[in-house]
Amino acid sequence: MTTSPAFGRVLSAMVTPMLPGGAIDRDGVQQVARHLVGHGHDGIVVNGTTGESPTTTDDEKAELVRLVRDTVGEGVHVIAGVGTNDTRHTIELAGQAADAGADGLLVVTPYYNKPPVAGLEAHFRAVADATELPVMLYDIPGRAGVPIPTELLVRLADHPRIVAVKDAKGDLWAATKVQRETDLQWYSGDDVANFSHLALGAVGIVSVVAQVAGDAYAEMVGALQGGDVERGREIHRRLVPVVDAVMNVTQGAIMTKAALVELGVIAHADVRLPLVAATDDQVEIVRSGLHSSGLM
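Just so we're clear, the structure is a prediction, and the values are computed from it rather than from any experiment.

Cut-offs applied
Residues numbered from 1 in each chain as written. Predicted model: local features only at pLDDT ≥ 70, side-chain atom pairs only at ≥ 80, totals over all residues. Heavy atoms only, no water. Helix = DSSP H or I, 4+ residues; strand = E, 2+ residues; numbered from the N terminus. Buried < 20%, exposed > 50% of the residue type's maximum accessible area, 1.4 Å probe, protein only. Contact = heavy atoms within 4.5 Å. Right-handed = clockwise from strand over helix to strand, strands pointing away. Pairing = 2+ DSSP bridges. Axes fitted to C-alpha atoms, helices over the stretch in contact; angles between N-to-C directions. 1 Å grid on protein atoms, 1.4 Å probe; cavity = no way out; pocket = protein on both sides within 12 Å on 5 of 7 lines; lining within 4 Å. Points joined across faces, edges and corners; volume = space filled by probe spheres on them. Nonpolar A, V, L, I, M, F, W, Y, C, P; charged D, E, K, R; others polar.

Let's shift gears to the side chain of glutamate 121. Mapped onto the elements of the fold, glutamate 121 is located in helix H4 (residues 117–130). A relative accessible area of 16% means that glutamate 121 is categorised as buried. Apart from residues no more than four positions distant in its own chain, glutamate 121 is found in contact with Leu152, Arg155 and Leu156.

Side-chain alternation along strand S7 (residues 185–188) places Gln185 and Tyr187 on one buried face and Trp186 and Ser188 on a second face that is also buried. Regarding the hand of the β-α-β motif, the stretch spanning strand S6 (residues 162–167), helix H7 (residues 172–181) and S7 is right-handed. Alignment of S7 against strand S8 (residues 204–207), held across 2 bridges, turns out to be parallel. Of the residues in S8, the one forming a bridge with serine 188 is isoleucine 205. Between S7 and its parallel partner S8, the chain crosses via helix H8 (residues 194–199), and the hand of that crossover is right-handed.

This part is about the sheet that holds S6. Two modes of strand pairing occur in sheets, parallel and antiparallel, and in both the strands are linked by backbone hydrogen bonds. Reading around the barrel, the 8 strands line up as S1-S2-S3-S4-S5-S6-S7-S8 and close back on themselves, with parallel pairing between neighbours. Looking at each pair of strands side by side, their axes are set apart by 25 degrees on average, direction ignored. One ladder, built from 3 bridges, connects strand S1 (residues 10–13) with S8; its direction is parallel. Within the sheet, the bridge partner assigned to valine 10 lies in S8 and is isoleucine 205.

Overall, the coordinates contain 1 cavity of 30 Å³ or more when judged by the stated rule. Reported here for the largest cavity is a volume of approximately 40 Å³. In terms of lining, the largest cavity is formed by Asn47, Lys61, Ala62, Val65, Ala80, Gly81, Val82, Leu93, Gln96 and Ala97. Only helix H2 (58–72), strand S3 (77–81) and helix H3 (87–100) provide two or more residues apiece to the lining of the largest cavity. Classifying every residue of the lining of the largest cavity gives 6 nonpolar, 3 polar and 1 charged.

Have a look at this one:
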């Protein structure tokens, strides 16, 4: 892990705080952004799925990038999620993000319409050609319906602006093959697999749980970067309860907002339909996970 990371080492896919009724909580957005920077983060992903990108408008997405950019200043990487299943729309969002001050783009595999490999390649190249910003590809077949094949990732590495992969595919052997054949920088996109990806050479993480465990994840990344595998393993095991609570009970944005309310970072855990706020039982699960992992 000696490569200088293009997007930072500890990033969260940031939630989008909302007021009761569903309007964006601009004060809450700033509070979360400051919280992340104060707890180990050198990068923030705005408008990812955990930021409820399926239900925020294009104008809201641009405003969120500007708001986070203005809040954290120039020393923190701000990455804009721009991926959709429509190449034209994705290109529009990419240009909008660049104009709003983003440092890079997160581009997810087009979802639901299941394009063939040739379509995936054309899509990713067209988006990477649309701006001067570096691109992180997001491989998450569990949501998108199709993976980015290993051979395609190897080919896409020849594009000067496609520089990184957020890996939520769950195939460590495929990740190893791509890292062997390319200079693409690898980011764990699955909190369950953070330790494994870092041990295999990932330069960092794009996490959900880091929003409530940022300092611990920063220590884990630093430990593995420095060769202290045992310390990294200890942290990985300590965080099992909070990872289970946030990621494995219900949708991640729901539980992350509940956890941030418990920690006093935001005032409201509201989400937009079709998501629904955590139940009392779910709030108790996340509270217990925070306690058991030493975060409260």
